[in-house]
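If you want the building blocks of each chain, they are given just below.
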Amino acid sequence: MNKRNLSQQTADTLYEMVADGILPPGAQLPNENELAARLNISRTTLREAIHILAAQGVLTIRRGRGTFVTADIPSGDHFNFGGLAPAGSRLQDLLEARLLFEPGLAAMACHRASDQEIARILSLGAAVEEAVRSGQSRMEADWAFHQAIIAASHNTFLTRLLPAINQASTESSRMRSAEEMLTADTLEDHALLMKFLQLRNADGARQAMDIHIRRTMLHMNLLDEGASWGYSP
């Protein structure tokens, strides 16, 4: 736990350096030894922090070349997501945020996505199913699936919230016991969601996404009893 917290703290520090312009979009990070010494951490912790930010789309790892700040990150972070802690109530906060707007984005995708985007979402959903059935971690595949749906909504402002959404999804998946409980539900929820997206049924997609997120929160004991926010079928 302490090791994970230190990795997240390091990721937050690096994110603040990006938000403050110390590491501008497109900039290459200093070499591993130099940066680890500057932050007074081990290289292992630094690597874990980099992978956290790479999963969130903040950093890009280029094999043989180094690690770079993603070029299309807006300068300055007006949302201050870098300071959000991933555990406890913060995880609940992030999942509640998903519950509030992600069902709506799924509905938007039904109206706005191209045929190619729908096909890609279905392909990514199949990749999640394959990962689950083969016993592999579904974290990256699941994130790619949700990212594709949000991107297909073609709402530029909301797609800037992707790092926060990914943080919630990543931390949820890292809780192994919860992941085991959610395996069957994930397959069922995703199948229903993909069906409505393929049919371009906005109301159905909205409800399916709402059920999926609520069920995730329920399994993790993060859904307040009687909560009525989000979509109400």
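Here, every reference points to the structure presented above.
My aim in this report is to walk through the structure given alongside it, one point at a time. Predicted model, so just to flag it, every value in this text is computed and none were measured.

### Concerning the overall build of the protein
Step number 1: Along its length, the protein carries 10 helices and two strands.
Step number 2: When the helices and strands of the protein are listed from N to C terminus, the series reads α-α-α-β-β-α-α-α-α-α-α-α.
Step number 3: Considering only residue pairs separated by 6 or more positions, the protein has 72% of its internal contacts joining residues 24 or more positions apart.
Step number 4: Taken as a whole, the protein presents about 12,000 Å² of accessible surface, with 50% of it coming from carbon and sulfur.

### A few points about the pattern of salt bridges
Opposite charge on two side chains lets them pair, provided their charged atoms get close.
Step number 1: Under the counting rule described, the total for this entry stands at 11 salt bridges.
Step number 2: For the salt bridge of Asp189 with Arg215, the shortest nitrogen-to-oxygen distance reads 2.3 Å. Note that Asp189 is positioned in helix α9 (residues 176–199) and Arg215 in helix α10 (residues 202–219), a separation of 26 residues in sequence.
Step number 3: Look at Asp189 and you get buried, because its relative accessible area is 5%.
Step number 4: Here Arg215 falls in the partly exposed class, since its relative accessible area comes to 21%.
Step number 5: Residues Asp210 and Arg214 are paired through a salt bridge, measuring 2.7 Å at the closest nitrogen-oxygen approach. Taken together, the positions of Asp210 and Arg214, both in helix α10 and four residues apart, correspond to about one turn of that helix.

### Considerations on helix α6 (residues 139–151)
Step number 1: With 13 residues, α6 extends 18 Å between its outermost C-alpha atoms, agreeing within 8% with the 18 Å of an ideal straight helix rising 1.5 Å per residue.
Step number 2: Along α6, the residues that are buried comprise Ala141, Asp142, Trp143, Phe145, His146, Ala148, Ile149 and Ile150.

### Remarks on the nonpolar core
If you look at soluble globular proteins, the nonpolar side chains tend to sit buried side by side.
Step number 1: Counting residues in each nonpolar core, the largest one holds 30 residues, and the members touching the most others are Ile121, Phe145, Ile149, Leu193, Leu197 and Ala205.
Step number 2: Aside from chain neighbours lying at most four places away, what touches Ile149 is Leu105, Ala106, Ala109, Ile121, Leu193, Leu197 and Met209.
Step number 3: Listed in part, the 18 residues of the second largest apolar core include Leu35, Ile50, Ile52 and Leu53.

### A look at the packing of aromatic side chains
Step number 1: If you walk through the whole model with that rule in mind, you get zero aromatic pairs.
Step number 2: Sitting above the plane of the Phe68 ring, Arg62 keeps its charged end 4.3 Å from the centroid.

### A look at the environment of Met17
Step number 1: Tracing the chain through its elements places Met17 in helix α1 (residues 2–19).
Step number 2: The exposure class of Met17 is buried, given its relative accessible area of 10%.
Step number 3: Once residues within four sequence positions are removed from consideration, Met17 is found in contact with Ile22, Leu23 and Arg38.

Calculation rules
- Residues numbered from 1 in each chain as written.
- Predicted model: local features only at pLDDT ≥ 70, side-chain atom pairs only at ≥ 80, totals over all residues.
- Heavy atoms only, no water.
- Helix = DSSP H or I, 4+ residues; strand = E, 2+ residues; numbered from the N terminus.
- Contact = heavy atoms within 4.5 Å.
- Areas by Shrake-Rupley, 256 points an atom, 1.4 Å probe, with all protein chains shown as cover.
- Salt bridge = Lys/Arg side-chain N within 4 Å of Asp/Glu carboxyl O.
- Buried < 20%, exposed > 50% of the residue type's maximum accessible area, 1.4 Å probe, protein only.
- Expected span 1.5 Å × (residues − 1).
- Core = buried A, V, L, I, M, F, W, Y, C linked by side-chain atoms within 4.5 Å.
- Phe/Tyr/Trp six-rings, centres within 6.5 Å; stacked < 30°, edge-to-face > 60°.
- Lys NZ or Arg CZ within 6 Å of the ring centre and 35° of its normal.

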